[in-house]
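# Geometric and topological summary
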Amino acid sequence: MKYKELIDQMTLDEKVSLLSGKDFWQTKSIERLGIPSICLADGPHGLRKQAANADHLGLNAGIPATCFPTAATIANSWDTALGFEIGSALGKEAVEEGVNILLGPALNIKRSPLCGRNFEYFSEDPYLSGKMAASYIKGIQGEGVSACPKHFAANNQERFRLLNDSVVDKRSFNEIYLTGFEIAVKEGNPKAIMSAYNKINGVYANENPELLLDILVGKWGFDGIVVSDWGGSNDHVEGVRNGSHLEMPSPGGQTDRELKSAILQGTIPEALVDKRVDKFLQVIFSVDISSKKSNLDFGKQHELALKAAEASIVLLKNDEKILPLQEGVKISVIGKFVAKPRYQGAGSSLVNPYKLVSTLDVLGDYPLALTGYCSGEDIEEACEIAEKSEVVLLFMGLDEASETEGLDRLNMSLRQNQIELLDNLMRVNPNIIAVLSGGSSIEMPWVNNCKAVVHGYLSGEAGASAMLNIITGRAIPCGKLAESYPYVLSETSSYHYYPGREATSEYREGLFVGYRYYDSADIEVLYPFGFGLSYTTFEYSNIKCTPDSVTFLIKNTGEFHGYEIPQLYISKESKLIFRPKKELKGFSKVFIKAGETEEVTILFNEYTFRYFDINTNKFEIEGGLYTIYVGSSSRNIKLTCTMDKNGTIDPVGYNTDKFRKYFSGKVNHITDSEFENLLGHKIPQTLWDRSKPLGRNDAIAQMKYAKSRFARLIHKLLKYMKDKSLVKGEPNLNILFIYYIPFRGIEKMMGEIISAEMVDSLLLIVNGHFFKGLGRFIRGFFKHKRLNKETADRLQNPEKYLGEKK
């Protein structure tokens, strides 16, 4: 151990204290030994450091910071160099504000378009997600602070996320839900990683030895610390035993006492705790920024936010080359997002932007003749304005209630009032350009009513300027979708399985997520993965394959200079191993001047030909003939070649009769027996057992069937408040968090006030023993207060306990 001498000087109380938080955002210090407290803060697309009134959900504003486009937006740039720049900028702001660990990037897979937190995640594809995340991590850590990629792993829905069990087969888990993290860890070398709230096949992520020890450390060589998500530690002792290092936020000294007791009772070796402390100390001392200067220039940060937004805008439709708009064209601008932009999602990543600009703020800087503006709430007024213009810029998209932490979407539709507005505008002016905002794919049955569609996603504080630059031709669109756009929700592979309703979430679709499903099952989509138009055109030719790479030419055949994003996909037909029809295995971003040609080479790597073999429990290569595709999207393949590849094993293979649907890719109706074949075991119980009393790992929402009439009344009140806020389109995040949190979460998030014993007392009340529970709760309150005082004394006056026998 690197810090053995330092650890040997600690009391047992000091050792265990380091493995849990001091308060909401800081860790504990040991001043007598020179061990400082470090600060953690949210930061996937901008620093959210709260000066006071700390909370997890973004209810209280953070200090002003640059709000960059969200991960879902930047993924459309397919630009790892840009990811590094953004990461570096985030790191600079962390240094400026004394933040040692920045909680991001987030790279969970967009398994379904409905996940309320998709705006924080890069893609439906693990390779693109991993490459983008690694670039952020390297940029952040280049400034001397630590990144903390999250949420590890299979955290793909918000509904009951703190107790949900992700039931997923081993192969899909490794190929789809872990590969992005693997790339991020191996290439980015993060000093910290955040474990997810959920269970994975029955075991909580924060205490999952296969995930944290066998895979993360054993297979990937991770050399940092595991931090629990806020309130996500189920059993602190088991977490420490199985590879977790830091429980956040502060549990109020309670879990410190639990860990100390476990050591004294011999249920966990003190040497193992020493090992966790040593690793944490390595990170603490490596992120010492006390003497570091950031030289932060918010003006330059804003310029980078603008550059990033421009690079990520996706042109989806451009009939009659209506874009870019010509100088002096008469336009009307309509929609509530004109004055109040949708530029980020809601929840723990909410940034207080340093310099937010709206379309109304900057429209005068462009050579366009504005004939009128309105919010669109009055359709008659909007039509009168539209009729006077040559072109209508209609700002549409998902509202905040559709994209928030703690809540999944119910559908893929825009609000009906927006669609009705478009229908009416189209009747008076056919030249409508839809300007979209939102962090996840949507249904677009109205698309034929638009001449052009340009998607800014959630483009950060400078997004309005970036969009107008694209619309007027000051910048050339080059973004390509990092997710597929199906025609309707019912055509998604997880439609019948998402979200998990109660105890579990069943990943019956297996490998077939996003384009892996649509392409394999031959389902037409509105806009495929990797799609995006430009104001110029490109021509591909001269493909050459070697054992190590593929090389080809791209010519800019249009009138504008521009970027093209060629994508490398591989395919293999096999009677032994079922696979998606094609899988992304590489990409590049190339600037090509009008009329010029560039040679592009994309290298193969350890991820190119592999699949996870459930028999050897590791990645293998199946020998045989592979098809190499190069395209401008997953559906627009420009060039192909083939190559033979030696295998690493002779695979046992799958029974084609038992796995017929998985061989065909048509996985939207998987039966119980077919899913059990994939899992290799029986399907866990998916519904709550309503015959049992509620326990610590049951949700507040489950009080709807509690024995106590009082508990059912509380549930009814909470549900009313929750539903009312959603109907208004202004989700009450505090109520949402309370409604879906397990009872143990009360203790984990309010550890200074509420103890585990007090939570058990509340459960007595909920389960129909009101007076017994109330009495125990009151006694527990005073006991908790006394124990916390004693714990604090042991840390503040360690000399009194140095000679204490263990």
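In this text, all values refer to a predicted model and were calculated from it rather than measured experimentally.

### Some thoughts on the state of the cysteines
Applying the stated criterion to the full structure yields one disulfide. The thiol sulfur of Cys 383 is not disulfide-bonded, and the nearest other cysteine sulfur, from Cys 374, lies at 8.8 Å.

### Some words on empty space enclosed by the protein
By the definition in use, this model includes seven cavities of 30 Å³ or more. When its volume is computed, the largest cavity comes out at roughly 170 Å³. If you trace the largest cavity, you find 17 residues lining it, with Phe 395, Ser 437, Ser 459, Gly 463 and Ala 464 closest to the centre. Its residues assigned to classes, the lining of the largest cavity shows ten nonpolar, six polar and one charged.

### A word on the pattern of salt bridges
If you walk through the whole model with that rule in mind, you get 50 salt bridges. Two residues, Glu 210 and Lys 170, come together in a salt bridge whose shortest N-O distance is 3.6 Å. Residue Glu 210 is found in helix α7 (residues 209-219), and its partner Lys 170 is found in helix α6 (residues 170-188); the two are separated by 40 residues along the sequence. A relative accessible area of 34% places Lys 170 in the partly exposed class. Arg 508 is the salt-bridge partner of Asp 672, the closest N and O atoms lying 2.7 Å from each other. Taken as a pair, Asp 672 in helix α18 (residues 672-679) and Arg 508 in the loop between β15 (504-506) and α16 (515-520) lie far apart in primary sequence, 164 residues in all. Exposure remark for Arg 508: the relative accessible area of 9% places this residue in the buried category. Several salt bridges share partner residues, and in doing so they unite Arg 117, Glu 120, Glu 158, Arg 161 and Glu 405 into one network.

### A few points about the sheet that holds strand β22 (residues 597-603)
Across the sheet, which stays open at both edges, the three strands sit in the order β16-β17-β22 with antiparallel pairing between neighbours. Whereas interior strands pair on both sides, the edge strands pair on one side only; in this sheet they are β16 (538-545) and β22. Taken pair by pair, the neighbouring strands of this sheet meet at an average axis angle of 25°, ignoring direction. Pairing of strand β17 (residues 549-556) with β22, which is carried by seven bridges, proceeds in the antiparallel orientation. Across the sheet, the residue bridging to Phe 552 is Val 600, located in β22.

### A short note on the packing of helix α13 (residues 379-387) against helix α14 (residues 416-428)
Where α13 contacts α14, the axes come no closer than 9 Å and their chain directions differ by 35°. Crossing handedness for the pair α13 and α14: right-handed. Touching Ile 379, Ala 382, Cys 383, Ala 386 and Glu 387 of α13 are Glu 420, Leu 421, Asn 424, Leu 425 and Val 428, all from α14. Classifying every residue of the contact of α13 with α14 by side-chain character gives seven nonpolar, one polar and two charged.

Quick notes on the rules
- Residues numbered from 1 in each chain as written.
- Predicted model: local features only at pLDDT ≥ 70, side-chain atom pairs only at ≥ 80, totals over all residues.
- Heavy atoms only, no water.
- Disulfide = S-S within 2.5 Å.
- 1 Å grid on protein atoms, 1.4 Å probe; cavity = no way out; pocket = protein on both sides within 12 Å on 5 of 7 lines; lining within 4 Å.
- Points joined across faces, edges and corners; volume = space filled by probe spheres on them.
- Nonpolar A, V, L, I, M, F, W, Y, C, P; charged D, E, K, R; others polar.
- Salt bridge = Lys/Arg side-chain N within 4 Å of Asp/Glu carboxyl O.
- Helix = DSSP H or I, 4+ residues; strand = E, 2+ residues; numbered from the N terminus.
- Buried < 20%, exposed > 50% of the residue type's maximum accessible area, 1.4 Å probe, protein only.
- Pairing = 2+ DSSP bridges.
- Axes fitted to C-alpha atoms, helices over the stretch in contact; angles between N-to-C directions.
- Left-handed = near helix turned anticlockwise from the far one by under 90°.
- Contact = heavy atoms within 4.5 Å.

Interpretation note: all reported values are geometric properties and have no functional meaning in isolation.
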